[in-house]
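Architecture and fold: a report
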Amino acid sequence: MNPTLRQMRAFVAVAKTGHFTLAAEYLHITQSALSGLIKELEQTLGARVVDRSTRKIGLTDIGRELYPLFSQMIDDLDGALANVADHTRLKKGIVRIAAPQLMSCTLLPEAMAAYRALHPDIQVRLADTAVESVIARVLSGEADFGIGPERDPAPTLHVRTLFEMPFALVFPKGHELEAQARVTWHDVSRYPFISLQGQFTERLLDDMHASLREVPVKPAGEVTFMTTALAMVGAGLGLTVCLPYAERLATSYGLAMRPIEEPQLTRRFFVYTRPGRSLSPAAESFIDFLFDHVGRTYAEAAVRDTPPR
């Protein structure tokens, strides 16, 4: 005894309108097709649900018992389907992102604002956190995806490269290095260097050691957040390096940025997602938008920064 959804919809329409013709119009089917569905339902149940007469239509005792049940089932199903449709049409949804503190106060707010202009009904929630906590938030399910640099040990996550950028030197405006046509790591080594704790410094020194016989830069101080390093550089306590996506923040501290050569060291940032777990339409949409946004933004920046020939 398994009534079909079409049979239940036909019965509910008849019960609501009290008329076969009106019910058929409501369902956009012919009256004969509607009558056939009611007959199929009664055959499936083994009982009559509608009393027919020349003047009116009424529900049987069994019909009156089934009507609120079928009606509620259809309302619940229609509501669930409408909710799914809202998600797939990006009329509803939540995106949860975990990202390092520096990216969370530079690149991501701009991307979030641009995305909201296209999809105002999607909520994008950003968890700004230490770099080492990004992957943990993704693994725990607190975030739909995370953004961060490569870290050891390699995480058991699905990884896509978001961008690769060269390190840039950050120094106070008017610094003597600003007058140089180009800046190398040997130039940087003449000044106090402010770095970040953990793998940032370890990987930086490893990369330099692989490219130079001598590692010219030794950190004079290590801090937890890049914003602290920028504030210290602004106070004249030394120099630091960061990636070009933070240029607007560096400028707000009254600082300048220059590419560093010999060698040119780069960092890759990745989008981390949990393997075997499907993302919501909203999260997939934001990730696609982010890749496009980053590609356009830094392609334009590269064109602006290219010196004329």
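Residues numbered from 1 in each chain as written. Predicted model: local features only at pLDDT ≥ 70, side-chain atom pairs only at ≥ 80, totals over all residues. Heavy atoms only, no water.

**Comments concerning the overall build of the chain**
Put simply, the test is: Put simply, DSSP H or I for four residues or longer makes a helix, DSSP E for two residues or longer makes a strand, and each gets a number counted from the N terminus. Three exposure classes are used, based on accessible area relative to the maximum for each residue type with a 1.4 Å probe and protein chains only: buried under 20%, partly exposed in between, and exposed over 50%. Here a residue-residue contact requires only that any non-hydrogen atoms of the pair lie within 4.5 Å. Working definition of accessibility: Shrake-Rupley area with a 1.4 Å probe, residue cover restricted to the visible protein chains.
Looking only at helices and strands, the chain features twelve helices and 13 strands. The 309 residues of the chain split such that 41% are buried. Sequence separation of 24 or more characterises 74% of the internal contacts of the chain that already satisfy a separation of 6 or more. With an accessible surface of roughly 16900 Å², the chain has 53% of that area assigned to carbon and sulfur atoms.

**With respect to the packing of helix 1 (residues 5-17) against helix 3 (residues 31-45)**
This is how the line gets drawn: Note on method: axes are straight lines fitted to C-alpha atoms, helices fitted across the in-contact stretch only, with angles between N-to-C directions ranging 0 to 180 degrees. Any angle that falls under 35 degrees is termed roughly parallel, while one over 145 is termed roughly antiparallel, one within 65 to 115 roughly perpendicular, and all others oblique. Crossing handedness: left-handed means the near helix sits turned counterclockwise from the far one by under a right angle, and right-handed means the same turn made clockwise. Any residue outside Ala, Val, Leu, Ile, Met, Phe, Trp, Tyr, Cys, Pro, Asp, Glu, Lys and Arg is labelled polar, Gly included; the first ten of those are nonpolar and the last four are charged.
Where helix 1 contacts helix 3, the axes come no closer than 9 Å and their chain directions differ by 110°. In terms of axis orientation, helix 1 runs roughly perpendicular to helix 3. In the crossing of helix 1 with helix 3, the sense of the turn from one axis to the other is left-handed. Counted together, Arg 6, Gln 7, Ala 10, Phe 11 and Val 14 of helix 1 and Leu 34, Leu 37, Ile 38, Glu 40, Leu 41 and Thr 44 of helix 3 form the full contact between these two elements. Among the residues making up the contact of helix 1 with helix 3, the classes are represented as seven nonpolar, two polar and two charged.

**So, the packing of aromatic side chains**
Rule in force here: Pairing of aromatic rings covers Phe, Tyr and Trp, the last counted by its six-membered ring, and requires centre-to-centre distances within 6.5 Å; plane angles under 30 degrees mean stacked, over 60 mean edge-to-face, and any other angle means tilted. Charge-over-ring placement is defined geometrically: NZ (Lys) or CZ (Arg) within 6 Å of the ring centre, and within 35 degrees of the ring normal.
Applying the stated criterion across every chain yields a total of eight aromatic pairs. Three or more aromatic residues link up through ring pairs in this structure, and these residues are Tyr 115, Phe 145, Phe 286 and Phe 289. Positioned above the aromatic ring of Phe 291 is the side chain of Arg 160, whose terminal nitrogen or guanidinium carbon lies 4.2 Å from the ring centre.

**Observations regarding a nonpolar patch on the surface**
The condition is simple: For patches, a residue must show more than 30% relative accessible area and have no salt bridge; joins then use 9 Å for like charges and 5 Å for nonpolar side chains, namely Val, Leu, Ile, Met, Phe, Trp and Tyr. Salt bridges are counted wherever a side-chain nitrogen of Lys or Arg sits within 4 Å of a carboxyl oxygen of Asp or Glu.
Together, Leu 5, Leu 77 and Leu 81 make up a nonpolar patch on the protein surface, roughly 230 Å² of accessible area in all. Along the polypeptide, Leu 77 turns up in helix 4 (residues 61-88). Under the relative-accessibility criterion, Leu 77 is labelled partly exposed at 31%.

**Quick notes on the packing of helix 2 (residues 20-27) against helix 3**
Helix 3 packs onto helix 2 with a crossing angle of 100° between their chain directions and a minimal axis gap of 9 Å. Accordingly, the angle class assigned to the pair helix 2 and helix 3 is roughly perpendicular. Seen from helix 2, the contacting residues are Phe 20, Thr 21, Ala 23, Ala 24 and Leu 27; seen from helix 3, they are Gln 31, Leu 34, Ser 35 and Ile 38.

**A look at the pattern of salt bridges**
Between side chains of opposite charge, a pair can form when the charged atoms approach closely. One pass over the full model with this rule turns up ten salt bridges. One salt bridge in this structure joins Asp 61 and Arg 64, with 2.2 Å as the shortest N-O distance. Taken as a pair, Asp 61 and Arg 64 lie in helix 4 at a separation of three residues, close to a single helical turn. Assessed through its relative accessible area of 59%, Asp 61 is described here as exposed. Arg 64 gets classed as partly exposed once you look at its relative accessible area, which sits at 46%. The partner of Arg 96 in a salt bridge is Asp 144, with the nearest N and O atoms 3.1 Å apart. Of the two residues, Arg 96 sits in strand 3 (residues 94-100) while Asp 144 sits in the loop between helix 7 (131-140) and strand 5 (145-149), which places them 48 residues apart along the sequence. Accessibility expressed as a relative area gives 26% for Arg 96, which makes it partly exposed. Owing to a relative accessible area of 14%, Asp 144 belongs among the buried residues under this scheme. Members of the salt-bridge network, linked through shared partners, are Arg 182, Glu 261 and Glu 262.

**Some words on the nonpolar core**
To keep things clear, this is the line we draw: For the purposes of this section, nonpolar cores are sets of buried Ala, Val, Leu, Ile, Met, Phe, Trp, Tyr and Cys residues that join through side-chain atoms within 4.5 Å.
Counting 61 residues, the largest nonpolar core has Ile 147, Phe 163 and Tyr 245 as the members making the most contacts within it. Ranked by residue count, the leading element in this core is helix 12 (residues 281-305), at seven residues. Discounting chain neighbours no more than four positions away, the residues touching Ile 147 are Ile 97, Ala 98, Ala 99, Pro 100, Met 103, Leu 108, Val 134, Leu 162, Phe 269, Phe 270, Val 271 and Leu 290. Formed by 20 residues, the second largest nonpolar core is a distinct cluster that contains Val 14, Leu 37, Leu 66 and Phe 70.

**Describing the environment of Glu 176**
Positionally, Glu 176 belongs in the loop between strand 7 (168-172) and strand 8 (183-184). Overall, the relative accessible area of 53% leaves Glu 176 in the exposed class. If we ignore the near neighbours within four places in the chain, the residues touching Glu 176 are Arg 190 and Tyr 191.

Spatial relationships are all this shows, so hold off on functional conclusions.
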